[in-house]
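Chain and residue survey
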Amino acid sequence: QSFFEKEMASTSEKWHSKLALGVIINPVNGEVYSMTVNPTFDPNSYGSETNINVFSNPIIENNFELGSIIKALTMAAGLDSGAVTAETTYEDKGSLTLNGSTISNYDHRGNGVIDMQEVLNKSVNTGAAFVVSKMGKENFAKYMADFGLGKETGIDIPNEASGNISNLKSPRDIEYATASFGQGIAMTPIIAIRALSSLANGGTLITPHIIKKIDYTMGLSNTITYEGEDKRVI
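Remember, predicted model here, so these are calculated numbers, not experimental data. (Residues numbered from 1 in each chain as written. Predicted model: local features only at pLDDT ≥ 70, side-chain atom pairs only at ≥ 80, totals over all residues. Heavy atoms only, no water.)

Regarding the overall build of the protein chain
Helices and strands together make up the secondary structure of the protein chain, namely eight helices and eight strands. Overall, the protein chain is about 65 × 40 × 30 Å in size when its C-alpha atoms are taken along their principal axes. For the protein chain, with 234 residues in total, the buried portion stands at 42%. Long-range contacts, defined here as pairs at least 24 residues apart, represent 63% of the contacts in the protein chain between residues at least 6 apart. About 12,700 Å² of surface is accessible on the protein chain, with carbon and sulfur atoms providing 50% of the total. (Helix = DSSP H or I, 4+ residues; strand = E, 2+ residues; numbered from the N terminus. Buried < 20%, exposed > 50% of the residue type's maximum accessible area, 1.4 Å probe, protein only. Contact = heavy atoms within 4.5 Å. Areas by Shrake-Rupley, 256 points an atom, 1.4 Å probe, with all protein chains shown as cover.)

Next up, the structure:
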């Protein structure tokens, strides 16, 4: 924990970030080994802290549009549904217009004919949208819901917030296209971490947690069990 906090502080200083956060988790059983947020406070003198916002935990409590890390979930859903394979190709022209709105790649450039691995390698927004177009809106929305993006994870920390994926009820194509690369939907970082962990856990969701066992002074102990660990998504 101490090492991670120092790393996060140096990262914040290097990039002049307003907020930096990180989690180290075991994706197989949900054990959270470390969790850190910067800026933070000194728990030995918290009474002298003037910024009360640092007492909250944005990893658990705050929703963000997390952007391109969601592409990994989109691609996993596309592969699992059979809509695309690793060899599937499409022609990337750099932008795509849906319902009168145009979405572009981050560099506003087209990559020509590329396969699905290149979509991830180059973080191609239009490539993620292509996967959704092959899957269909309803199918994509179901996968994102099954990944738990709109729900609490059940982590044993107070004040957990739910995600917001209400855009995936829209009749328009554009909302699904932007959601494929993490825009227009919002979630806490721990929700995204839980979903991404399933990719390293054979497609099964885990419940993030920081408590494994409680030892009582009378000599008894209680090993904590967490629900939801057997839910297979892909």
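Let's talk about the pattern of salt bridges
Within the structure shown, the criterion is met by six salt bridges. The partner of K212 in a salt bridge is E31, with the nearest N and O atoms 3.4 Å apart. A residue pair is termed long-range when its members are at least 10 positions apart, and K212 in the loop between α8 (189–197) and β7 (213–215) and E31 in the loop between β1 (20–25) and β2 (32–38) qualify at 181 residues. Given the relative accessible area of 18%, E31 is considered buried. Among the salt bridges present, the one from R172 reaches E175, with a minimum N-O distance of 2.7 Å. For R172, a relative accessible area of 35% gives the class partly exposed. (Salt bridge = Lys/Arg side-chain N within 4 Å of Asp/Glu carboxyl O.)

A few points about the confidence of the model for the protein chain
Summarising the model, the protein chain shows a mean pLDDT of 93, and 98% of its residues fall at 70 or more. Confidence, expressed as mean pLDDT per element, reaches its minimum in the protein chain at strand β8 (residues 221–223) with 86 and its maximum at helix α3 (residues 71–81) with 98. (pLDDT = per-residue confidence, 0-100.)

Here we look at the layout of surface pockets
Of the volumes computed, that of the largest pocket is approximately 480 Å³. Lining the largest pocket are 21 residues, and of these V37, P39, T40, V54 and S56 sit closest to its centre. When contributions to the lining of the largest pocket are tallied by element, the ones reaching two or more residues are α1 (2–15) and β2. For the lining of the largest pocket, a count of residues per class yields ten nonpolar, nine polar and two charged. What the second largest pocket holds in volume is close to 300 Å³. As for the second largest pocket, its lining consists of 17 residues, and the residues nearest its centre are L96, L98, A129, F130 and S133. Elements supplying a minimum of two residues to the lining of the second largest pocket: β3 (89–92), β4 (95–98), α5 (125–135) and α7 (173–179). Looking at the lining of the second largest pocket, the element that brings in the most residues is α5, giving five residues. Its residues assigned to classes, the lining of the second largest pocket comprises eight nonpolar, four polar and five charged. (1 Å grid on protein atoms, 1.4 Å probe; cavity = no way out; pocket = protein on both sides within 12 Å on 5 of 7 lines; lining within 4 Å. Points joined across faces, edges and corners; volume = space filled by probe spheres on them. Nonpolar A, V, L, I, M, F, W, Y, C, P; charged D, E, K, R; others polar.)

Overview of the pairing of β4
When β4 meets strand β5 (residues 101–104), the two strands line up antiparallel, connected through four bridges. Bridging from a neighbouring strand, L96 pairs with I103 of β5. Taking the residues that link successive antiparallel strands as the turn, the β4-β5 hairpin has two residues, and the phi of N99 there is positive, at about 50°. (Pairing = 2+ DSSP bridges.)

So, α5
Taken across its eleven residues, α5 has nine buried, putting it largely inside the fold. Considered for burial, the residues of α5 that qualify are N125, T126, G127, A128, A129, F130, V131, V132 and M135. Backbone geometry just after α5 places G136 at a positive phi near 100°.

Examining the packing of aromatic side chains
Summed over all chains, the structure comprises two aromatic pairs. On the numbers, 4.8 Å between centres and 80° between planes, the contact of F41 with F55 is edge-to-face. Linking F41 in the loop between β2 and α2 (58–61) with F55 in the loop between β2 and α2, this pair joins segments that are 14 residues apart in sequence. Geometrically, the ring pair formed by Y90 and F130 is stacked, given 4.7 Å between the ring centres and 15° between the ring planes. Remark: F130 occurs in helix α5 and Y90 occurs in strand β3; sequence separation between them is 40 residues. No difference in accessibility class separates Y90 from F130, as the two residues are buried. (Phe/Tyr/Trp six-rings, centres within 6.5 Å; stacked < 30°, edge-to-face > 60°.)

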